[in-house]
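# Fold and geometry: a report
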Amino acid sequence: MGMQKMTGATAIVTGAADGIGWATAQQLAAEGWRVALLDLHGDAAIARAAELGAQHLGLACDVSDEASVQTAVADVAARFGRIDALVNNAGIGDQTGPTTEQNVVAFDRVLAVHLRGTFLMSQAVGKLMLQAAPVPGQGRGAIVNLGSIASTIGLPSRNAYSAAKAGVLGMTRAMASEWARAGIRVNAVAPGYVRTALVADLARKGAIDAKGIAHRTPMGRMAEPAEIAKAIVFLAGPGASYITGAVLPVDGGWTAFGAPESALPALPTEETHGC
């Protein structure tokens with residue numbers, strides 16, 4: 001069903017060179033979308049697009065920079081015509097350490113990429129979507145933003161990330177409300193911990209405790225990037241035609257769970273996390 005439906009539809013994915021962005025680009029391509037892969041690392045984006053096939057496009061884009069965003073979106077529009085979906089995935093890890101020792105430049109950078117980036121991309125793509133003719137089942141387009149478990153719960157010392165991700169949900173609801181009657185849907189996914197290079201890096205720095213995360217997660221493991229991608233692709237497509245302003249947790253039960261950890265059965269063996 002997906003295949004037939006999305007042939008010729010175009011999606012932009014930011015931060016598309018690896019992690020959740022790359023998994024999402026792959027999933028969209030598998031369902032027949034043409035994908036514009038945007039990344040701060042232009043060479044990596046171009047290489048990833050080539051991996052997916054000649055009908056896809058890789059572009060350098062710094063989502064926190066207005067001129068860079070406008071250029072990239074204009075390039076996508078020039079190549080593909082209409083833009084049917086935007087996935088605002090670009091993000092960076094936040095600074096670790098106590099609040100009293102945090103650096104305001106690093107704080108601003110996290111907000112610039114996650115929050116300002118989501119705004120700038122949505123603004124540029126939204127302008128084009130508003131001018132497009134509606135398509136049955138898909139309206140004028142769909143935007144999927146990346147929230148987080150940090151959008152709604154407290155993670156000690158992760159101030160900028162938590163503020164940015166809470167802000168993304170506020171913006172998701174505002175844009176969804178503004179554009180619903182124009183036929184543009186805006187939703188967010190809120191992943192828990194995902195096995196990406198970014199998370200592996202945080203684990204190496206001691207910023208996160210991978211074993212502790214598995215124990216605290218009702219499903220007993222981190223997500224694979226493809227599991228987040230499937231939720232994103234669902235919200236981007238016609239299967240979600242009556243969903244807007246929603247936040248879909250994809251977190252293995254993390255935010256639902258409120259009991260002491262001892263209430264969860266023990267994990268069978270450490271080796272089974274990835275299964």
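Quick caveat, the model's predicted, so the values are computed rather than measured.

### Considering the environment of Val135
Looking at the element boundaries, Val135 is found in the loop between helix H5 (104-131) and strand S5 (141-146). A relative accessible area of 33% places Val135 in the partly exposed class. Sequence spacing of Val135 and Glu227 is 92 residues, and the spatial spacing of their C-alpha atoms is 28 Å.

### Quick word on the pattern of salt bridges
If you walk through the whole model with that rule in mind, you get 7 salt bridges. A salt bridge links Arg82 to Asp84; the shortest N-O distance between them is 2.8 Å. Among the residues examined, Arg82 registers a relative accessible area of 25% and is labelled partly exposed. Glu224 is the salt-bridge partner of Arg195, the closest N and O atoms lying 3.3 Å from each other. Of this pair, Arg195 sits in the loop between strand S6 (184-191) and helix H7 (197-204) while Glu224 sits in the loop between helix H8 (210-216) and helix H9 (225-236), placing them 29 residues apart in sequence. Assessed through its relative accessible area of 38%, Arg195 is described here as partly exposed.

### Quick look at unusual backbone geometry
For Ser157, which is not glycine, the phi torsion reads 70° and is therefore positive. Turning to its location among the elements, Ser157 is positioned in the loop between S5 and helix H6 (159-179). Looking at Ser157, the relative accessible area reads 25%, which means it is partly exposed.

### Things to note about the packing of helix H2 (residues 19-30) against helix H3 (residues 42-52)
The description of two helices packed together rests on the angle between their axes and the distance between the axes. Direction vectors running N to C along H2 and H3 enclose 30°, while the axes themselves pass 11 Å from each other. When the interaxial angle is binned, H2 and H3 end up roughly parallel. Taken as a pair, H2 and H3 cross one another with a handedness that is right-handed. Contact with H2, carried on its side by Trp22, Ala25, Gln26 and Ala29, involves Arg48, Glu51 and Leu52 of H3 and no other residues of that element. The residue makeup of the contact of H2 with H3, split by class, is 4 nonpolar, 1 polar and 2 charged.

### Focus: the packing of H5 against H6
Relative orientation of the contacting elements H5 and H6 amounts to 15°, with a least axis distance of 8 Å. With respect to each other, H5 and H6 are oriented roughly parallel. Helix-helix and strand crossings are classified by hand; for H5 and H6 the assignment is right-handed. Touching Phe107, Val110, Leu111, His114, Leu115, Thr118, Phe119, Ser122, Gly126 and Leu130 of H5 are Asn159, Ala160, Tyr161, Ala164, Lys165, Gly167, Val168, Met171, Met175 and Trp179, all from H6. When the residues that make up the contact of H5 with H6 are grouped by side-chain class, the tally is 13 nonpolar, 6 polar and 1 charged.

### So, the sheet that holds strand S7 (residues 247-250)
Here 7 strands make up an open sheet; going across it, the order is S3-S2-S1-S4-S5-S6-S7 and the pairing parallel. Lying at the two open borders of the sheet, with one neighbouring strand each, are strand S3 (57-60) and S7. If you compare each strand with its neighbour and ignore which way they point, the axes differ by 20° on average. Judged from the 4 bridges that link them, strand S2 (residues 34-39) and S3 form a sheet pairing that is parallel. Note on S3: the bridge partner recorded for Asp39 is Ala60. In the packing of H5 onto the sheet, contacts are made with strand S1 (10-14), S2, strand S4 (85-88), S5 and S6, and the angle to S4 comes to roughly 175°. Strand contacts of H9: S4, S5, S6 and S7, with the helix running at about 165° to S6, the strand carrying the most contacts.

### A look at the packing of aromatic side chains
Going through the model one piece at a time under the given rule, you end up with 1 aromatic pair. The ring of Trp254 has Arg216 sitting right over it, with the charged end atom 4.2 Å from the ring centre.

Thresholds, definitions, all that
- Residues numbered from 1 in each chain as written.
- Predicted model: local features only at pLDDT ≥ 70, side-chain atom pairs only at ≥ 80, totals over all residues.
- Heavy atoms only, no water.
- Helix = DSSP H or I, 4+ residues; strand = E, 2+ residues; numbered from the N terminus.
- Buried < 20%, exposed > 50% of the residue type's maximum accessible area, 1.4 Å probe, protein only.
- Salt bridge = Lys/Arg side-chain N within 4 Å of Asp/Glu carboxyl O.
- Axes fitted to C-alpha atoms, helices over the stretch in contact; angles between N-to-C directions.
- Parallel < 35°, antiparallel > 145°, perpendicular 65-115°, else oblique.
- Left-handed = near helix turned anticlockwise from the far one by under 90°.
- Contact = heavy atoms within 4.5 Å.
- Nonpolar A, V, L, I, M, F, W, Y, C, P; charged D, E, K, R; others polar.
- Pairing = 2+ DSSP bridges.
- Phe/Tyr/Trp six-rings, centres within 6.5 Å; stacked < 30°, edge-to-face > 60°.
- Lys NZ or Arg CZ within 6 Å of the ring centre and 35° of its normal.

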